[in-house]
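The residues making up each chain are set out below.
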Amino acid sequence: MLIQQAKLMSEVHGVLVVIPCDERGTPNPEYEKRCRRLDLETESLEFPTSYNFYNVDLLRALGCVEKIREMAIRHKIDFFHTVQLNVAVELVSRELGIPHLMNIYQLRKEEFRLCAGDIFAHYHLCDSELYSGMWRKGLGIESRCIRPAAPARQAERKEDYRRTGLKVLMLGSVCERKNQLTAVRAAENCKKNYDIELIIAGDCENPYGELCRKYIEERKLEQTARMIGFVSDIRELLAGCDCLLCASTDESFPSSIVEALTYDLTIVSTPVAGVPELFRDGQNSLISGGYEVHDIEEVLVRTFQAYQSGQINLIHENARELWEHHFAPDIIRDQMEAYYRYIAGRGTHAELHTDIRKMVSETRKAERLLDRMTGGELYKKRALYYSMLMPRLQGKRICIWGAGKLGQQAYNLLACLHIGVTVVAFIDKSKEGKYLGVPVIKSEEIDCLHIEAVIIGFYHNTDEAVSFLAEKGWKCNENVWILP
C-alpha cells in the first residue's frame, strides 16, 4: 500500500522510496521491482520495523539512527511516511523536526498494553475506521482512515455477468487468518450443485499452505481448487476471473478488494473489520454471515443465484459508484495531500524530544542477561519487551502453558532474566508427570494453582488458550504473557 501511495504522491511531490535490506545489505527484490515498474526513485537501507509492540527492536533501531539521519540530510527530506512501527525514523524525525506519518493496520486492543512509551510516530494512517479509531485511542495519537487506491485511473466494465460457471479468485499470502482452507471446503460443498473453480494466488510455502495442498490432493479437488503460488503481476488473473473471495478472519481492509473492483469482479467477503464500513450485502457485494465453512458456502450459493437472477447487474452498478467515491486514485491522492499538509502545518515536530535514556538502559540490561541464554541473539531483538516484563513478573508464582520446546525456552528465559519467579506447573493436554522437574497438569486444573501469571509457551493456535483464560478472568498482556 505504501508504494501505491508513493506513486500517487509523486504526482505532486518529489518522492524517494527507501527499501529495507537485510543484514547482508540485500534490498527486498519484490519492492525494487514494483518501484521500477512505477518509475519511483529508490535507495536501500537496513532498518528494523515491527507490526506489533512485542517485536520492537529498540537497540537495533538506535543503531540505525545515524545512517537514516545522514540519508535525510543528503536528500533534504522534509516529510517521512513509513509503514509499521519504525522507531529509528521517529527518533530522526524528532531530532531534525521532520513530520512523520506511519501506516500500520490491524492489532488487538490488548497489544497496546505493551506500548513501551512515547517512541512512535504521532500521526497515523489506516485503511479502516475500526483500526484507525483503535490506534487513535491506544496510542493517544492522531489518525485518519484513507482507503487503498485503485491500481488504475478507470474501472473496467465486463460485457456480461450472466454465467453458469464462476471463476472465483483469492489473493494474498496463504495463512490461517486469510482462511483459505475454509474457502476450499466451502467450494467443495458448492461443487455438488454449481460449476465453481477456486483459484488461490499467494505465497503458500508454509505449513498452512501445505495443509491446504494436502486437503485438495486427498479430496481430489484439483478441478475445483487450484493453488498457483505468488503472482507478482495479477492483472491477467483479475481480468480472467468473475469474483474475488475474501474469507479472512483478521484484516484491516483487504486491498485485494480494491484491485478486484477495478477489474469489475464481484466482491464476495466475510464481514471482516473495515469491509462492512463500505460494503452492503446484496447491494454492492455479497457478504457472509460469518467465517465458517457453512457461512462461506452460503454466500457462494447466493452469489451463483445473483448471477442467475440478474441481480448481479445492480450489484455491479452500485460497486462501480462505490469505486468512484472511495477508491479512485485522484480521490485518494487528494485525501493524502490534505493529510500531509495538515501534519506539516502542525509545526511541533522538533519539540518532541522524549527522554528515553531509562528505557534504553533497562533494555540494555535485559540484553546483557540474554547473553547467558543459548541462542541469545535470537531473543535480543525482543529485549525491550523483556525489560518491560521483568518488573511485572518479579517474584510471582506462575505456570507455563506448553510443555514442549518453546515451553522449555520460556522456562530458561525466565531463569536468565533473574526475576525470581516460581514456576508452579506446566499446562499441557498431551503430557503427564513432570517436565523439567515441574508438575504437568491439564488446563482445567489451573484454578487450583494459586498463581499470579500465566506464560503461554507456544506460538500456533494461541487464541484457544487466550480465550480459555479470558473466560476465567485472566487478561492478555496483563497477567497472561507470550514467551519466548
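Caption draft 1: Structural detail: the pairing of strand β16 (residues 438-441). Summarising the sheet, strand β14 (residues 422-427) and β16 pair through two bridges and their orientation is parallel. When the sheet's bridge partners are listed, Ile-427 is paired in β16 with Ile-441. Direction of pairing for strand β15 (residues 434-435) relative to β16: antiparallel, over a ladder of two bridges. By the bridge assignment, Lys-434 is partnered in β16 with Pro-439. Between β15 and β16, which follow one another and run antiparallel, lie two residues, and Leu-436 among them has a positive phi close to 55 degrees.

Caption draft 2: Fine view of the pattern of salt bridges. All chains considered together, the criterion is met by 37 salt bridges. As a salt-bridge pair, Arg-94 and Glu-90 come within 2.5 Å of each other at their nearest N and O atoms. With Arg-94 and Glu-90 both in helix α4 (residues 87-96) and four residues apart, this pair spans about one turn of that helix. Glu-90 matches Arg-94 in its accessibility class, with the two residues each being buried. Note that Arg-320 is salt-bridged to Glu-317, the shortest N-O span being 3.1 Å. Here the residue Arg-320 and the residue Glu-317 both occupy positions in helix α12 (residues 311-326), the gap between them amounting to three residues, near one helical turn. When its relative accessible area of 11% is taken as the criterion, Arg-320 is described as buried.

Caption draft 3: Inspection of helix α14 (residues 357-370) at higher detail. Here α14 spans 20 Å end to end across 14 residues, near enough to the 20 Å set by a 1.5 Å rise per residue. Looking at the buried side of α14, the elements it contacts are α3 (58-74), α15 (377-380), α16 (383-393) and α17 (405-416).

Here is what the cut-offs are and how they apply
- Residues numbered from 1 in each chain as written.
- Predicted model: local features only at pLDDT ≥ 70, side-chain atom pairs only at ≥ 80, totals over all residues.
- Heavy atoms only, no water.
- Pairing = 2+ DSSP bridges.
- Helix = DSSP H or I, 4+ residues; strand = E, 2+ residues; numbered from the N terminus.
- Salt bridge = Lys/Arg side-chain N within 4 Å of Asp/Glu carboxyl O.
- Buried < 20%, exposed > 50% of the residue type's maximum accessible area, 1.4 Å probe, protein only.
- Expected span 1.5 Å × (residues − 1).
- Contact = heavy atoms within 4.5 Å.

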